[in-house]
Amino acid sequence: MTILNHNGNNSKIDFLNKKFIDNPYPAYAEIRKNDPVHRFLLPNGQFAWIISRYKDAAKLLADSRFVTNYPVHSSIKGNLPPHQEIISRNLLSVDPKDHRRLRRLIQKAFTPKMVENLRGRIEEIAEELLFQVEHKQEINLIEDYAFPLPIIVICEMLGVPLKDQEKFREWSNVIMEGVSNPELSQKTENAMISFIQYLEELIAERRRHLQDDLISDLLRVEDEGDVLSENELYALVFVLIIAGHETTVNLIGNGILALLEHPEQKEKLVSHPELIHGAIEEILRYNGPAEVSNVRFATVDVIIEGKHIKKGDMVFIALAAANRDDNHFIEPDSFDITREANTHIAFGKGVHFCLGAPLARLEGEIAINKLLKKIPQIKLKEDLNTIEWRPGIIIRGAKEIPLTF
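Analysis parameters
- Residues numbered from 1 in each chain as written.
- Predicted model: local features only at pLDDT ≥ 70, side-chain atom pairs only at ≥ 80, totals over all residues.
- Heavy atoms only, no water.
- Helix = DSSP H or I, 4+ residues; strand = E, 2+ residues; numbered from the N terminus.
- Buried < 20%, exposed > 50% of the residue type's maximum accessible area, 1.4 Å probe, protein only.
- Contact = heavy atoms within 4.5 Å.
- Areas by Shrake-Rupley, 256 points an atom, 1.4 Å probe, with all protein chains shown as cover.
- 1 Å grid on protein atoms, 1.4 Å probe; cavity = no way out; pocket = protein on both sides within 12 Å on 5 of 7 lines; lining within 4 Å.
- Points joined across faces, edges and corners; volume = space filled by probe spheres on them.
- Pairing = 2+ DSSP bridges.

1. Notes on the overall build of the chain
Okay, step 1: Counting its secondary structure elements, the chain contains 17 helices and twelve strands.
Okay, step 2: Across the 405 residues that make up the chain, the buried fraction comes to 54%.
Okay, step 3: Within the chain, counting contacts between residues at least 6 apart in sequence, those at least 24 apart form 71% of the total.
Okay, step 4: Total accessible area on the chain is roughly 18,300 Å²; 50% of this is exposed by carbon and sulfur atoms.

2. Some remarks on empty space enclosed by the protein
Okay, step 1: By the definition in use, this model includes two cavities of 30 Å³ or more.
Okay, step 2: Looking at the largest cavity, its volume works out to about 60 Å³.
Okay, step 3: Around the largest cavity, the lining comprises 13 residues; the ones closest to its centre are Tyr25, Asn287, Gly288, Ala290 and Ala320.
Okay, step 4: Elements with a minimum of two residues in the lining of the largest cavity: α15 (276-287) and α16 (319-322).
Okay, step 5: Counting residues per element, the lining of the largest cavity draws most heavily on α15, which supplies four residues.

3. Focus on the sheet that holds strand β6 (residues 138-140)
Okay, step 1: What the three strands build is an open sheet, ordered β6-β12-β11; its pairing is antiparallel. Each having just a single partner strand, β6 and β11 (379-380) make up the two edges of the open sheet.
Okay, step 2: Both β11 and strand β12 (residues 402-404) contribute to a ladder of two bridges, which runs antiparallel. Bridging from a neighbouring strand, lysine 379 pairs with threonine 404 of β12.

Everything listed is a geometric property; what it means functionally is a separate question.
Below you can see the structure in the form of structure tokens.
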């Protein structure tokens, strides 16, 4: 993606360039300073806007004039492939009225108490994973720890066989990377079809035999006669699996990298594990797991920072850029686990604030503290600059993080 300046000329910022993927923050600082409401060209030939300043991002996330489902209600709605029509009913993409309804139903099953009750089991999973690697002299953080921990948690919550977790990883990687890479469109479509077919079989089995798991709870949930439709259920489970584990994988990975990049902060957390709550918030701000929000569409013409965003225009909110805005944060490029008043927007804001944020925070806190307690001497096996980051601007996460101890 090559960003265009306000005159339509190509600038030097390219979202698909390896230099940008490795470290997008200098480029975000440039557009935040010089052109905070920035027009750019998507790989499919469409133009879109990217919002980079905190004050604009925070307002727009809660602005009802920008919706996540505009194309679904346009003339193309009837032409969507069946699997995309199903996914379009997910909590991230429906209009405010349906969003409130779905969130109300889901929260009857996905409660804060349910999340907190998972603490003991998450601690057990973290300890089991660390036991498997503590006799080694090195560990691939993503492969051995950051990926399996949240996928085990979400599989157990939903009642999904753990033998299928590798399928979820493959589908998730393809779908997330395909969002911003049109060359992967067919591969992405195939992954989505396979995922939906899997969910159809799983949910049909649960309808026959309800169990003590989240899918069964969602099948039981009802509010004043209202229930989740079949497609809404598919879409919700899809989002819980994809977003539910993607967020935590990258939160753990990015967090450990930030701590290793700033050894004085790592030592502070090792000595004072009670600082983990603030550490998680700073990780989310400094190098969070989501680089931009899910796409929004203007429902009316809007002027922001002097730029005319037309009805129907696509808008991306650069969470990563907003969370490094020096007009909102003191020394935003510094990593400080004791930072006060950390009002980051890594989980969004407004009606689309991430439903799974409490679970991601809990998993991140447990995973990072357990790792530092068990293996406090971990170090990067390679130079930080050699870490390969996953392509695309939706998520922010490393492919592999080799550690030694």
